[in-house]
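Below, each chain spelled out in residue letters.
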Number of protein chains: 2
Amino acid sequence: MPAPAEPRRGRPGYDQAGVLAVAVAAFNEHGYDATSISVLADRLGISKSAIYHHFASKEQMLDRALGEALDELEGVIDEADASGGRAIDRLEQVLRGATRVLVDKLPYVTLLLRVRGNTEVERRALGRRRAFDRRVTDLVSEAQSERALRTDIDASVVSRLAFGMINSIVEWYRPGGREDADRLADDVIAIALDGLRMPTSNRVEELLG
Amino acid sequence: MPAPAEPRRGRPGYDQAGVLAVAVAAFNEHGYDATSISVLADRLGISKSAIYHHFASKEQMLDRALGEALDELEGVIDEADASGGRAIDRLEQVLRGATRVLVDKLPYVTLLLRVRGNTEVERRALGRRRAFDRRVTDLVSEAQSERALRTDIDASVVSRLAFGMINSIVEWYRPGGREDADRLADDVIAIALDGLRMPTSNRVEELLG
C-alpha cells in the first residue's frame with residue numbers, strides 16, 4: 001500500500017521559506033499591520049488557504065521571521081562565548097558576526113529593528129533583543145576589565161553606539177553594492193576598535209607617555 | 001482708536017511651538033498618517049479650528065517639524081565650514097554638534113529619521129538630508145586628503161557609519177538619563193575618531209613603525 005501523500009503545500013515554487021520571504025518584504029514595505037493575508041495572497045499569486053497550509057496566522061509568520069534574525073544573532077554570541085579566549089577577541093568576533101548577519105538576513109533584521117512591542121510576539125522578540133544587548137554589554141565590561149578597551153565610556157553606551165553603527169547598515173546597504181559583508185565588517189571593526197584618526201607621531205609619543 | 005487685537009491663537013498656554021511639540025509627540029507615537037487633526041485637538045484640549053489658527057494643514061505641521069531638525073543640523077555644518085581650519089577639526093565639530101542637536105531636538109530628529117518620502121514635504125526633507133550627508137562625506141574626504149583620517153575606508157561609508165552611531169541615539173536616549181549631551185558627544189568622538197581599543201605598548205611600537 002502506498003504511503004499517504006504529503007499534503008500539497010502551496011503552489012509549486014513556494015515552499016514555506018519562499019512564502020516567508022515575500023511576506024517579510026511586504027511587511028517592510030507597507031508595515032506589518034497594513035499587510036493582510038489577502039494582500040500576501042495577491043503578491044504570491046496563490047490562494048489564502050495555500051498560505052494557511054504554511055502558516056497558521058500572520059502572527060506566526062512574524063514570529064518565524066523575527067526568529068530568523070534573532071537565532072542568527074544569538075548564534076554569533078554563543079559561538080564567540082564557546083571560542084573562549086580574551087573578551088576583546090570575542091567582542092570583535094561578535095561585531096564581525098553581527099555585521100555579517102545584518103547583510104545576509106537584511107530583510108529579517110530590518111523587520112526586527114522596527115518591532116515596537118505591540119503584541120505578545122513582538123514583546124518576546126524585544127525581550128530577546130534586550131538579552132542580546134545585555135550579553136554584548138557584559139562582553140564590553142569584561143574587555144574593559146582586561147584593560148583591552150578604554151574604560152572611560154560606560155559599557156552599555158559602548159554597546160549601544162557600536163550596535164547603532166551596525167544596525168544603521170539596514171538603512172543604506174543594498175546587496176550587490178561596492179561593499180560586501182566581509183569588507184563592511186572590517187570597516188565596522190576598524191572604526192569601533194581603532195578609530196578613524198590617523199596616528200600622528202605626536203599622538204604616539206603622547207600614548208607612550 | 002485702539003489697534004485691532006491680534007487674533008486669538010488657540011487656548012492660552014498653547015502657542016504655535018506648543019501645538020507643534022504635542023503634534024510631533026503624537027506623530028512619533030502613532031505615526032504621522034494615523035494621527036488626524038481631530039486626534040490632535042483631543043490631545044491638546046482645543047478645537048480643530050484653534051489648531052487651524054496656527055497651521056494651515058497637518059502637512060504644514062510636518063514641514064515645520066522636519067525643518068526644526070534640519071535647520072539645526074545644517075546650522076552645525078555651516079558653522080563648522082565658517083570656522084575654517086583643518087577638515088578633521090571641522091568634522092569633529094560636526095559630529096559633536098549633530099549629537100547635541102539629536103539630544104536637544106530629540107522628538108524632531110526622531111520624526112525626521114522616520115521619513116520615507118511618501119509626500120512632497122517628505123521628499124523635500126529627504127533631499128535636505130541627502131545634501132547634509134554629502135557635505136559630511138566631503139568633509140571626511142578632505143580630512144582623508146589631509147592624511148588626518150585613515151584612507152582605507154570609503155568616505156561615504158565612514159560618514160554613514162558615524163551617523164548611524166549618532167542617529168541610533170534616538171532609539172535609546174531618554175532626557176535626564178546618566179549621559180548628558182556633552183558627555184554623549186565626547187563618547188561619540190572618542191569611539192569614531194580614536195576607537196575603543198586601549199593602546200598597548202605593543203601597538204604603539206607598531207604604529208611608530
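Residues numbered from 1 in each chain as written. Chains lettered and ligands numbered in written order. Predicted model: local features only at pLDDT ≥ 70, side-chain atom pairs only at ≥ 80, totals over all residues. Heavy atoms only, no water.

Under the annotation held in an unreviewed UniProt entry, chain A carries the name TetR/AcrR family transcriptional regulator and is attributed to Agromyces intestinalis.

Turning to unusual backbone geometry, a few remarks are in order. Residues and elements named next belong to chain A. If you check the backbone angles, arginine 147 has positive phi at about 65° while not being a glycine. Turning to its location among the elements, arginine 147 is positioned in the loop between helix H7 (120-145) and helix H8 (155-167). The class of arginine 147 is exposed, set by a relative accessible area of 56%. (Helix = DSSP H or I, 4+ residues; strand = E, 2+ residues; numbered from the N terminus. Buried < 20%, exposed > 50% of the residue type's maximum accessible area, 1.4 Å probe, protein only.)

Another point: the UniProt feature "DNA-binding region" (unreviewed entry) in chain A. Under the feature "DNA-binding region" (unreviewed entry), the UniProt entry names residues 36-55 of chain A. In the segment residues 36-55 of chain A, helix accounts for 75% and strand for 0%; the C-alpha atoms at its two ends are 13 Å apart. (UniProt positions renumbered as here; feature names shortened; annotations may be inferred.)

All names here are of chain A. Applying the stated criterion to the full structure yields 4 aromatic pairs over all chains. On the numbers, 5.4 Å between centres and 85° between planes, the contact of phenylalanine 132 with phenylalanine 163 is edge-to-face. In this pair, phenylalanine 132 sits in helix H7 while phenylalanine 163 sits in helix H8, placing the two residues 31 residues apart along the sequence. Both residues of the pair, phenylalanine 132 and phenylalanine 163, count as buried. The side chain of lysine 58 reaches across the aromatic face of tyrosine 32, ending 4.3 Å from its centre. (Phe/Tyr/Trp six-rings, centres within 6.5 Å; stacked < 30°, edge-to-face > 60°. Lys NZ or Arg CZ within 6 Å of the ring centre and 35° of its normal.)

What follows is about the relation of the copies chain A and chain B. Here the two chain copies are tied together by a rotation about an axis and a shift along that axis. Least-squares fitting of chain A to chain B yields an RMSD of 0.0 Å, with the transformation described by 0.0 Å of translation along the axis and a rotation of 180°. The operation mapping one copy onto its partner corresponds to a two-fold rotation axis. (Least-squares fit on C-alpha atoms with pLDDT ≥ 70 in both.)

The partner chain B presents 42 residues to the 43 residues of chain A that form the contact. Between chain A and chain B lies a buried interface of about 4,200 Å² when both sides are counted; carbon and sulfur atoms form 61% of it. Broken down residue by residue, the surface that chain A buries against chain B is led by Leu161, Leu196 and Arg197 of chain A, which jointly contribute 18%. Linking chain A to chain B there are 4 salt bridges. Between arginine 116 of chain B and glutamate 171 of chain A there is a salt bridge, with the nearest N and O atoms lying 3.8 Å from each other. At the junction of chain A with chain B, the criterion picks out 14 residue pairs in polar contact (both at pLDDT 80 or more). Every element with two or more residues in the side of chain A that touches chain B is listed here: helix H5 (87-104), H8, helix H9 (169-172), helix H10 (181-194) and helix H11 (201-208) of chain A. Counting residues per element, the side of chain A that touches chain B draws most heavily on H10 of chain A, at 9 residues. Its residues assigned to classes, the side of chain A that touches chain B shows 22 nonpolar, 5 polar and 16 charged. (Contact = heavy atoms within 4.5 Å. Buried area = accessible area lost by both parts, 1.4 Å probe. Salt bridge = Lys/Arg side-chain N within 4 Å of Asp/Glu carboxyl O. Polar contact = N/O pair within 3.5 Å; in protein donor to acceptor, adjacent residues only side chain to side chain. Nonpolar A, V, L, I, M, F, W, Y, C, P; charged D, E, K, R; others polar.)

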